[in-house]
Amino acid sequence: MLFENGELCWQTSVEYRKPPKKQEGGTTTKEYERYSEVSCKLVSEDNGSQQDSVPQISAVAAYSKGFACSCSPGVVLLFEKTEEKEVYKESQEIWLPQDLFTTEPKQSRGQDITCICFSPSEETMVVNTNKNQLYMFTMPSTDLMKEKSSHFAYLHFPLHSASITGLDICIRRPIVATCSLDRSVRIWNYKANTLELYKEFQEEAHTVSLHPTGLFCLVGFSDKLRFLSLLYEDMHVFKEFAVRKCEECSFSNGGHLFAAVNGNVIQIYSSTTFENTNNLKGHSGKIRAVKWSADDTKFASCDTHGAVYEWNLLTGKRETECVFKSCIYSSIALSSDAKIIFAVGSDQTLKEISESSIQHEVPAFDVDYTAVAVSHSGNMVFVGTSLGTIRAMKYPLPLRRDFNEYQAHAGAVTKMSVTNDDQFLLTASEDGSILIWKVYDKEGGTLKREKEVEYAEEVLIMRSDIEEKSQAMLDLQIRVKELQTENDYQLRLKDMNYNEKIKELKDTFTQEIGSLKTKHQILQAEKEKQELQHQSQLSELMNKQAKEMQALESDSNQKLLMENEKYQELQVKSQRMQEEYEKQLHNLEESKSRTVEELTVYYEEKLNEKSVLLEEAEEDIRQQFQAHEEIRKQIEEDEDREILDIKIKYERRLVEEKESNLQLKGEIGVMNKRLGSLQKELKERNSDIEEMKLEQQNLQDIIKSLEKDIVALKTEIEERANTIQDKEKHIYDLKKKNQELEKFKFVLDHKIEQFKKQIGSCENDIKMRNEQIHEMEGELERFQKDSTHLKLNITQLQQKLKATDNTMHRERQKKQNMEALIKRFKMDLHNCVGFIQDYKKLKYGIRELYTKYVQQLDMVETEELDVDLQKEYTRQREYLERNLAALKKKVVKDQEVHQAAYMRIMQENVSLIKEINDLRQELKAAYTQVHDLQSALRLTKKKQAIQEPAPSSELLSSPAVLRLNAQKENEKIIEMQQLEIQYLRDQIKEKGQSLAVQPLLDGMLPKLNLERSHKTQQQ
């Protein structure tokens, strides 16, 4: 709709557009064509698969010639002004190209166009789709260049259509790898700003890591972790690891190791052998980021429970840890010397962690930090936010809001990385875009580099691809040689044909040239003759012309004189005529004024007469008007009457028509019912006919199959007759073998009796061994009791030792106190001796000494008592030490005896187990032999019963009874032996548990499967 000043000026309706059947070739860029070989071939479109849907305008943009709009997925319509005012006409439709990178190229046409814009010069049009793709179209400069249907081209390259989940760079090549939830992995060149590789997978990719060489990469999918080789034009899956939902992986800086996150465990693999060399356990939450140190000896990781760990890969243990449970970490970065860890999370701060503690925090000012990266020089720290902005700050980190902020993405920043030369910063976001930032210093210059980085140019290629290309080259070379030989042959043939034609043409042209030369000579002679004639004629004509010119000049002079005289005469006449005309004009003016006056009088009289006539005419008109109205009224009344009559007449006709219509409708309903019933009958008849045809076909098939069965049965009857003859011969042979087997059975019965005797002797040995085991158990119990008693004695002695230690400590303290007291007394006595000349002072000093050291006698008594106690203590201590040494010797001897008995029991058990296993094998062999003999006997019995039913039953009745009795006896014997073996096994297990040799017994005594052999024997 077009509105102007609030009023609708123009509108039109659009229809749902289907994409064109054929894709035009020149719609992609050179780079896009370069990678077309990598992708899958296009699948032909099915015209009936896409149904028309309701058109919907998703984007509109105006330009100088008209406007552009998108009414259907994948198409833009151009409308231009026409010569008529405010009228627009559709001039062109432009379609999105098929994406040759994807496995389903047709889906790219189904994208909804969300935005259209034109360049200022209106030379190019750019559109954006709901899958984050940008396309461009060069607007035609003239109407001649316009096509009815055209196609867009990619503005640069296909972009990610979903959130980017992984980003990584390498050292040897200027490439960056990205993966996204759109199930694609892409390799970009950040120097040339090109897309080098692209591959789409069946599962969503959660993380990606590039090998330092740039020739391999790791991609973590929801089902597996895949090791990919980056080939020249493809990505080849080289190895798969059973790591489900791997959301973080990373190659080491040396490339010899790589880490993969499996739940809350970090698994370290070797890049050469692909073996799991180490597992780093300790995280309780979901691991969100992992980083390697520059020398690959350390490893840092963070999780959602606020833990940041630093691991030592040489020992596989944690060196440092910093836990801040209220923060959910999302990203970490390591300094070049691996001493500082920068971490960001949900608490809106940037943390600087060193030596297991947070050294510094920078607030985010009401924004969540989502990613962090550090330059290799260590001077700059880059942080990504949830609003899509990038913040650059210097290190050491600022205390205030001192950083540069740049608006970058429309969604939260998911991944960041700085190149090894600190020249570029790469950022990825949830909006599916990847940005390459050039890093400058404050003065606007690039950062200084120590040396220029040289990137590698080599690429990988599969041997099969090389072989295919070499084979194709050989085929093409052979084809070229064949074509060269063919072309040489064709050229020779053409040369021969052309030479013949040239000879023919040469002969014809030489003949024509000779004839033309003769003609030329004849014409030359004629030309010379005509030239001579023309020259003579020219001289004559020139003479004539000169004479005529002289005559004409004389005549013209005479005529000029005559004309001059005539001119003068005419001039005189004109003067006279002018005077006469002036007189006549004056007379005419006078006469005109007179006639005008007369005419005015005349026409005024006529006017009066006409006014009178007018009034009379008006009266006549009024009278006529009245008469006309009366006539009109009469005519209207007559017409009303006629109309009523006609109305009544036609109403009657209408009623009659309605009645006739009702009758016709009833007849039509009856006819329709008849027609429906007839159609049903026809359908039933047709279905019956089809059923009959099917039955006929089925019957024919049955007849054919029965005929085949008859033929097959006849052949079977013949074959069975042949087989019966063969079997009769075979039965005769078996009868002879039966007699031999009966003899062999007698020998086997004898062997079975010998085996039973051997089993009885083995049972006696087992009983003896069981008694020995009981004795050893008793000895063990006694040893255990003795050891417990000794343990109690040792504990008592230890307690006594502790008590003696305490008393010794107290005695030592008392001794020290007494020594100090004696020293003080000596000092006081020395001072008192100094007053020996002054008896008063001496008396006073002695009195003080008495009062101060009055307890001297008590001290002497306590000293005597303490000496006695000390003697008693030393005597008891010596006695206890002697007892303890004797007990230790006894315990050592008991342990040696116990060990010898234990080893003896173990050796006996091993020998018993070996004997039992040998007996089992012999029993199994005997059972199999008996079973084979019994089955052979049954076969011979059956065959004899078929051939000689009466005599064989009479002859073999008694041996069969004997065999049945022997079989029952054998079964009973086997059951008894099984019970005894089971009983022995239970006892051995109990003894093994008591002696702590359960694993050895379980390994050497597998369960006997005698029940199966018994069942087969019964059968």
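Above this note sits the structure.
Residues numbered from 1 in each chain as written. Predicted model: local features only at pLDDT ≥ 70, side-chain atom pairs only at ≥ 80, totals over all residues. Heavy atoms only, no water.

## What to know about the overall build of the protein
What counts is decided by this rule: Each helix corresponds to a stretch of at least 4 residues labelled H or I by DSSP, and each strand to a stretch of at least 2 residues labelled E; elements are numbered beginning at the N terminus. Between buried and exposed lies partly exposed: a residue is buried under 20% and exposed over 50% of the maximum accessible area for its type, with that area taken using a 1.4 Å probe on protein chains only. Contact definition: two residues touch when any of their heavy atoms are within 4.5 Å. Method for areas: the Shrake-Rupley scheme with a 1.4 Å probe, in which residue coverage is limited to the protein chains shown.
On a plain count of helices and strands, the protein comes out with eight helices and 38 strands. Taking all 1019 residues of the protein together, the buried fraction comes to 29%. At a minimum sequence separation of 6, the contacts of the protein that also span at least 24 residues come to 49%. Accessible area of the protein: about 71,400 Å², with a carbon and sulfur share of 54%.

## Points about the packing of aromatic side chains
To keep things clear, this is the line we draw: Any Phe, Tyr or Trp ring, taking Trp's six-membered ring, that has another such ring centre within 6.5 Å forms a pair; planes under 30 degrees apart are called stacked, those over 60 apart edge-to-face, and the others tilted.
What the rule picks out here adds up to 22 aromatic pairs. With centroids separated by 5.0 Å and ring planes inclined at 10°, the aromatic side chains of Phe67 and Phe79 adopt a geometry described as stacked. Of this pair, Phe67 sits in strand 4 (residues 66-70) while Phe79 sits in strand 5 (residues 75-81), placing them 12 residues apart in sequence. Per residue, the accessibility class of Phe67 equals that of Phe79, and both read buried. Taking 6.1 Å as the distance between ring centres and 50° as the angle between the ring planes, the aromatic pair formed by Tyr406 and Trp437 counts as tilted. Taken as a pair, Tyr406 in strand 35 (residues 404-407) and Trp437 in strand 38 (residues 434-438) lie far apart in primary sequence, 31 residues in all. Residue classification places Tyr406 among the partly exposed residues on the basis of a relative accessible area of 39%. Residue Trp437 is classed as partly exposed on the basis of its relative accessible area of 21%.

## Some thoughts on the pattern of salt bridges
Just so we agree on the cut-off: By salt bridge we mean one thing: a side-chain nitrogen of Lys or Arg within 4 Å of a carboxyl oxygen of Asp or Glu.
Applying the stated rule across the entire model yields 18 salt bridges. For the salt bridge of Arg226 with Asp223, the shortest nitrogen-to-oxygen distance reads 3.4 Å. In this structure, the salt-bridge partner of Arg632 is Glu636, at a minimum N-O distance of 2.8 Å. Taken together, the residues Arg632 and Glu636, both in helix 2 (residues 463-833) and four residues apart, mark about one turn of the helix. One connected set of salt bridges, linked through shared partners, spans Glu203, Asp223, Lys224, Arg226 and Glu240.

## Some thoughts on a negative patch on the surface
Keep this limit in mind: Exposure above 30% relative accessible area and the lack of any salt bridge qualify a residue for a patch; like charges then connect within 9 Å, and the nonpolar side chains Val, Leu, Ile, Met, Phe, Trp and Tyr within 5 Å. Charge counting treats Lys and Arg as positive and Asp and Glu as negative, with His and both chain ends excluded. Charge coordinates come from a single atom per side chain, which is NZ of Lys, CZ of Arg, CG of Asp or CD of Glu.
A cluster of acidic residues, Glu681, Glu684, Asp688, Glu690, Glu691 and Glu695, forms a negative patch on the protein surface. Mapped onto the fold, Glu684 is located in helix 2. Of the residues examined, Glu684 reaches a relative accessible area of 49% and is grouped as partly exposed.

## Focus on the pairing of strand 3 (residues 59-63)
Short version of the rule: Two strands are counted as paired when DSSP detects at least two bridges linking them.
The two faces of strand 3 differ: Ala59, Ala61 and Tyr63 on one face are buried, but Val60 and Ala62 on the other face are not. Where strand 3 lies against strand 4, five bridges are found, and the strand directions are antiparallel. When the bridges of strand 4 are listed, Ala61 appears paired with Ala68. If you look at the hairpin formed by strand 3 and strand 4, you'll find two residues sitting between the two strands.

## A look at the sheet that holds strand 32 (residues 369-374)
Two strands in a sheet stick together by hydrogen bonds in their backbones, pointing the same way (parallel) or opposite ways (antiparallel). Note the cut-off: Angles run from 0 to 180 degrees between N-to-C directions of axes, and those axes are lines fitted to C-alpha atoms, restricted for helices to the stretch in contact.
Across the sheet, four strands lie side by side as 32-33-34-35; this open sheet has antiparallel pairing. Looking at the sheet topology across the chains shown, the edges are occupied by strand 32 and strand 35. With strand direction ignored, the average angle separating the axes of adjacent strands in the sheet is 20°. Sheet topology note: the strand 33 (residues 380-385)/strand 34 (residues 389-394) ladder contains five bridges and is antiparallel. When the bridges of strand 34 are listed, Val383 appears paired with Arg391.

## A closer look at the side chain of Ser330
Topologically, Ser330 is positioned in strand 28 (residues 329-334). With residues near it in sequence (within four places) discarded, Ser330 still touches Arg288, Ala289, Val344, Gly345, Tyr369 and Thr370.

## Observations concerning the packing of helix 2 against helix 3 (residues 839-852)
Condition: Relative orientations are named as follows: roughly parallel for angles under 35 degrees, roughly antiparallel for angles over 145 degrees, roughly perpendicular for angles from 65 to 115 degrees, and oblique for any other angle. The sense of a crossing depends on the near helix, which, turned anticlockwise from the far helix by less than a right angle, makes the crossing left-handed and, turned clockwise, makes it right-handed.
Here helix 2 crosses helix 3 at 165°, and the two axes come no closer than 9 Å. Between helix 2 and helix 3, the angle falls in the class roughly antiparallel. Regarding helix 2 and helix 3, the two cross each other, and that crossing is left-handed. Residues Phe825, Asp828, Leu829 and Cys832 of helix 2 form the contact with helix 3, whose own contacting residues are Leu842, Gly845, Ile846, Leu849 and Lys852.

## Focus on the sheet that holds strand 25 (residues 298-303)
Taken in spatial order, the four strands line up as 24-25-26-27 in an open sheet, and their pairing is antiparallel. Across the chains shown, the open sheet's two edge strands, defined by having one partner strand only, are strand 24 (287-292) and strand 27 (317-323). On average, adjacent strands in this sheet sit at an angle of 15° to one another, irrespective of strand direction.

## Some remarks on the side chain of Glu352
Relative to the helices and strands, Glu352 resides in strand 30 (residues 349-354). An unpaired buried charge is present at Glu352: no salt bridge exists, and Lys339, the closest side chain of opposite charge, is 12 Å distant. Contacts of Glu352, omitting those with residues within four sequence positions, involve Ile340, Ile341, Phe342, Ser357, Ile358, Gln359, His360, Tyr395 and Leu397.

## With respect to unusual backbone geometry
The omega torsion of the bond from Tyr395 to Pro396 falls at 5°, within 30 degrees of zero and hence cis. Positive phi outside glycine occurs at Lys245, with the angle close to 50°. Classification of Lys245 as exposed rests on a relative accessible area of 59%. Its identity is not glycine, yet Ala338 carries a phi of approximately 60°, on the positive side. Mapped onto the secondary structure, Ala338 falls in the loop between strand 28 and strand 29 (341-345). Judged by its relative accessible area of 7%, Ala338 is buried.

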